Amino acid sequence: MSEKSEKNGTPATPAGSSGPRPEPLRFFGTTWVDHDHGYTARRIGVSAGSLLAAAVSCLVLRFAYEGIAIAGPGSFVTVLVVAMFAICSALAFRHTWEAFTKRPDPDRHASLRGLLTIGFVGSLLAYFFRSLIEAPGEKLHREEYETARKQHESRTTRRTGNPSKKRRRN
């Protein structure tokens, strides 16, 4: 499987075989399968990029906070806005972290879209911390890919001999 397809970076399969193909990950393609073709550099880049994006996002939120403070709506509204961003970020972090280890329910994910948008800093931080360990989502994809490969191998292994001609034991 060391040979790669030029078009999409997925492992090339021999002519006539129909084995499972690994699912590409964002920013990594299928380099997560064999940890080749700049996998480590990509992990470093994703890690640094997500941390930088989280820092810039916090700076933007700071400007928004100062804008609210200048408007002078009162301390209650200010506390509500800060609490909203903190709670949404914590929930987005948890949801994003869990999505790296198991497939999220599409209906639940759709219903949480607004919350995840508000808590984008939490999602960026989850992406940062996960990229320090592995490519985000690699463990889940590796388990699914290995299971698919084992199932494919068990379906395609050929039996030797004709089972109807087998001698019966007494």
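What comes next is a walk through the structure. Small disclaimer: the values here were computed from a predicted structure and weren't measured.

## Considerations on the nonpolar core
Then comes step 1: In terms of nonpolar packing, the biggest core is built from 10 residues, these being Leu25, Phe28, Trp32, Val33, Tyr39, Val46, Phe100, Tyr127, Ala135 and Tyr145.
Then comes step 2: In contact with Phe28, not counting residues within four places along its chain, are Tyr39, Arg42, Arg43, Val46, Ala135 and Pro136.

## With respect to the layout of surface pockets
Then comes step 1: Taken as a whole, the largest pocket encloses approximately 490 Å³ of empty space.
Then comes step 2: If you go around the largest pocket, you meet 19 residues; those closest to its centre are Arg26, Ala99, Phe100, Tyr127 and Pro136.
Then comes step 3: Of all elements in the fold, only helix H2 (75–99), helix H3 (106–111), helix H5 (120–133) and helix H6 (138–156) reach the threshold of two or more residues within the lining of the largest pocket.
Then comes step 4: Ranked by the residues each element gives to the lining of the largest pocket, the list is headed by H2, at three residues.

## Some words on the packing of aromatic side chains
Then comes step 1: According to the stated counting rule, one finds eight aromatic pairs in the structure shown.
Then comes step 2: Seen from their ring centres, Trp97 and Phe100 are 6.5 Å apart, and the 75° between their planes marks the pair as edge-to-face.
Then comes step 3: Among the residues examined, Trp97 registers a relative accessible area of 27% and is labelled partly exposed.
Then comes step 4: With relative accessibility at 7%, the residue Phe100 sits in the buried group.
Then comes step 5: Positioned over the ring face of Trp97 is Arg130, at 4.9 Å from the centre of the ring.

Cut-offs applied
Residues take numbers from 1 onward in each chain, read along the sequence in its written order. Residues qualify for local features only when their pLDDT is at least 70, as the model is predicted, and side-chain atom pairs are given and counted only at 80 or more; totals for whole chains, interfaces and linings, by contrast, use all residues. By convention in this description, side-chain values take in all heavy atoms of the structure and omit both hydrogens and water. What makes a nonpolar core is a set of buried Ala, Val, Leu, Ile, Met, Phe, Trp, Tyr and Cys residues whose side-chain atoms join them at distances within 4.5 Å. Partly exposed describes any residue whose relative accessible area lies between the buried limit of under 20% and the exposed limit of over 50%, with all areas from a 1.4 Å probe on protein chains only and scaled to the type maximum. We call two residues in contact when some of their heavy atoms are within 4.5 Å. A cavity, in this analysis, means grid points on a 1 Å lattice covering only the protein atoms where a 1.4 Å probe fits yet has no way out; a pocket is instead an open set bounded by protein on both sides within 12 Å along at least five of seven lines, and a residue lines either one if it has an atom within 4 Å of a point. Grid points are joined across faces, edges and corners, and a volume is the space filled by probe spheres set on the points. Every helix listed is a DSSP run of H or I at least four residues long, and every strand listed is a run of E at least two residues long, numbered separately from the N terminus. Each pair of aromatic rings taken from Phe, Tyr and Trp, with Trp reduced to its six-membered ring, is defined by centres within 6.5 Å and is described as stacked if the planes are under 30 degrees apart, edge-to-face if over 60, and tilted in the remaining cases. Charges are assigned to positions over rings by a cutoff of 6 Å between ring centre and Lys NZ or Arg CZ, combined with an angular limit of 35 degrees from the ring normal.

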